[in-house]
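A structural walkthrough
Chain residues, written in single-letter form:
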Amino acid sequence: MNDSYLNFVNSPFGGGLVRSLGLPKPEVLRRYRADRPEFDGLIAIGAGREPRLLDALASLVASVGMTSVAHDSAALWVALANRRGLMTGRFEPAEAGSPGKLAALLFDASGIDDSSQLEPLHGFFHDTLRSLGKCGRIVVLGRPPEACASPRQWTAQRALEGLVRSLGKEARRGITANLVYIGQGAEGGAEATLRFFLSPRSAYVSGQVVRIAANGTIPHNAPAFDWRQPLAARRALVTGAARGIGAAIASVLAAEGAQVIGLDVPSARDALAATMRQLNSSALTFDIAAPEAPAQIAAALDELGVDIVVHNAGITKDKTIAKMSDAAWQGVIDINLSAQERIDDALLAGGILRDGGRIVAVSSISGIAGNPGQTNYATSKAGVIGRIESMAPHLRARGITINAVAPGFIETQMTAMLPFAIREAGRRMNSMSQGGQPVDVAQTIAWLAHPGSAGVTGQVVRVCGQSLIGA
Ligand SMILES: NC(=O)c1ccc[n+]([C@@H]2O[C@H](COP(=O)([O-])OP(=O)(O)OC[C@H]3O[C@@H](n4cnc5c(N)ncnc54)[C@H](O)[C@@H]3O)[C@@H](O)[C@H]2O)c1
């Protein structure tokens with residue numbers, strides 16, 4: 001859908017008018033394009049004392065081919081990094097305020113063991129933030145607080161969340177800020193996640209906290225992957241693929257090399273066939289809530305199996321609870337929640353979802369925050385989060401991850417039907433001052449489906465531009 005305010009403020013006349021009236025000015029977000037370099041420009045690196053994630057950072061910087069400079073105060077970091085030939089120079093505080101000089105700010109906070117050691121975070125971001133360009137990236141690395149050896153260390157690591165969420169709200173200009181907690185022993189499995197948060201693929205993901213665990217098992221027989229086509233030789237089922245977010249998911253997964261099977265209701269057969277034809281993919285038509293659908297889907301996939309299942313199909317039937325019919329309640333719960341459970345049961349029991357597989361379910365910020373008129377929808381979407389949390393430990397032994405994305409306001413036919421005032425509020429009440437695009441959800445799902453994301457499971461990642469709702 002077209003956001004005419006975003007287009008207006010980014011025109012020469014509109015930009016001036018909006019500035020003079022003091023209105024919010026959403027940035028045109030830089031999104032991934034295959035014909036443009038994904039990683040470009042200079043990264044400033046800072047660190048707290050005794051940073052412990054140097055190898056993960058070294059391999060990231062080398063692998064994405066970006067140039068890095070060390071923040072002046074990170075003397076220890078410079079000494080260590082120089083030994084690895086990583087740094088080309090120092091970022092001097094005197095350079096602060098040269099806008100656009102930096103593409104990303106990375107801070108290794110893993111060595112911070114006590115609240116008295118948090119000051120380097122202030123020093124680093126104080127000196128560098130104003131030099132971060134439009135749509136720049138902030139990534140802070142830490143250790144999962146709950147795995148810390150002492151209450152002091154837990155406290156200091158937990159404090160990072162407040163910093164990162166505030167940076168996301170303060171930075172504006174399309175800049176994202178995210179926190180990645182890397183567990184002991186998971187350092188070698190962090191690259192796919194760090195790439196995602198550095199890349200334009202994460203344009204609408206900000207204020208998020210992601211954990212990478214050490215026990216992300218990649219099965220011995222899993223095919224090796226190539227960063228340009230990481231999903232090659234993988235088969236992916238995407239429900240609700242005829243239009244909107246589902247069509248974008250199918251398209252991104254196919255571009256990443258997956259062989260996609262798109263599923264939608266029989267009445268969407270023509271739209272689904274058209275979308276799948278463009279992607280050279282196949283189509284299945286079922287109503288996922290029909291009692292026989294899970295067995296039929298399992299039978300359709302049985303011969304070749306599947307590696308990735310994306311539960312995207314969903315509906316809304318909004319009414320305040322006093323006015324909500326039984327059918328409106330039950331229809332939403334059946335399609336948005338129970339169908340996912342029954343399909344996964346059928347695919348897991350039959351071994352059709354292969355070891356090392358990925359399940360990604362689409363929740364919603366309504367499921368986190370609740371919403372008036374959406375008791376049925378929010379119940380179903382909160383249930384999706386419960387599914388992720390409860391199933392992740394059971395699937396670990398098979399190397400299968402299960403995660404959810406929780407979109408905020410995304411420009412689709414679903415949100416186009418909202419009344420004007422609610423639509424405008426949804427668009428502006430986030431750090432990006434705009435709605436997301438279906439591709440933003442799709443790129444986040446592609447990261448979670450990535451073979452290198454084996455250590456990311458049981459998590460909910462919001463794709464909401466750091467919405468104020470449920471924050
Ligand atoms: N658009 C947003 O802002 C937003 C925000 C949060 C969450 N979501 C979630 O994202 C998902 C996709 O939303 P969208 O905006 O693209 O919606 P959409 O209505 O444009 O597309 C949903 C698709 O699911 C299909 N579908 C519905 N019921 C089905 C069934 N019983 N069996 C098979 N397919 C079925 C529809 O035919 C449609 O193609 C949904 O789960 C939705 O709840 C959307």
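The rules behind each value
Residues numbered from 1 in each chain as written. Predicted model: local features only at pLDDT ≥ 70, side-chain atom pairs only at ≥ 80, totals over all residues. Heavy atoms only, no water. Phe/Tyr/Trp six-rings, centres within 6.5 Å; stacked < 30°, edge-to-face > 60°. Helix = DSSP H or I, 4+ residues; strand = E, 2+ residues; numbered from the N terminus. Buried < 20%, exposed > 50% of the residue type's maximum accessible area, 1.4 Å probe, protein only. Lys NZ or Arg CZ within 6 Å of the ring centre and 35° of its normal. Salt bridge = Lys/Arg side-chain N within 4 Å of Asp/Glu carboxyl O. UniProt positions renumbered as here; feature names shortened; annotations may be inferred.

For the rest of this paragraph, the subject is the packing of aromatic side chains. For the coordinates displayed, the defined rule picks out seven aromatic pairs. Between Phe107 and Phe125, the ring centres sit 6.1 Å apart and the planes meet at 35°, which makes this aromatic pair tilted. Here Phe125 lies in helix α5 (residues 119-128) and Phe107 lies in strand β4 (residues 102-108), a separation of 18 residues in the sequence. On the accessibility criterion, Phe125 (6% relative accessible area) is buried. Ring centres of Phe196 and Phe197 lie 5.1 Å apart, and the angle between their planes is 65°; on these two criteria the pair is classed as edge-to-face. Neither Phe196 nor Phe197 differs from the other in exposure class; each is buried. Between Arg195 and the ring centre of Trp227, over which it is positioned, the NZ or CZ distance is 4.1 Å. Geometry around Tyr32 places Arg201 over its ring, the cationic atom sitting 3.8 Å from the centre.

Enumeration according to the criterion identifies 19 salt bridges in this entry. A salt bridge links Asp307 to Arg354; the shortest N-O distance between them is 3.0 Å. Note that Asp307 is positioned in strand β11 (residues 306-311) and Arg354 in strand β12 (residues 353-362), a separation of 47 residues in sequence. Accessibility expressed as a relative area gives 30% for Arg354, which makes it partly exposed. Residue Asp355 pairs with Arg398 through a salt bridge whose shortest N-O separation is 2.8 Å. Of this pair, Asp355 sits in strand β12 while Arg398 sits in the loop between α13 (375-395) and β13 (401-407); the two residues are 43 residues apart in sequence, bridging distant segments of the chain.

The subject of this paragraph is the UniProt feature "domain: Ketoreductase" (unreviewed entry) in the chain. Under the UniProt annotation, "domain: Ketoreductase" (unreviewed entry) lies at residues 234-413. Between the end C-alpha atoms of residues 234-413 there is a gap of 30 Å, over a span that is 45% helix and 21% strand.

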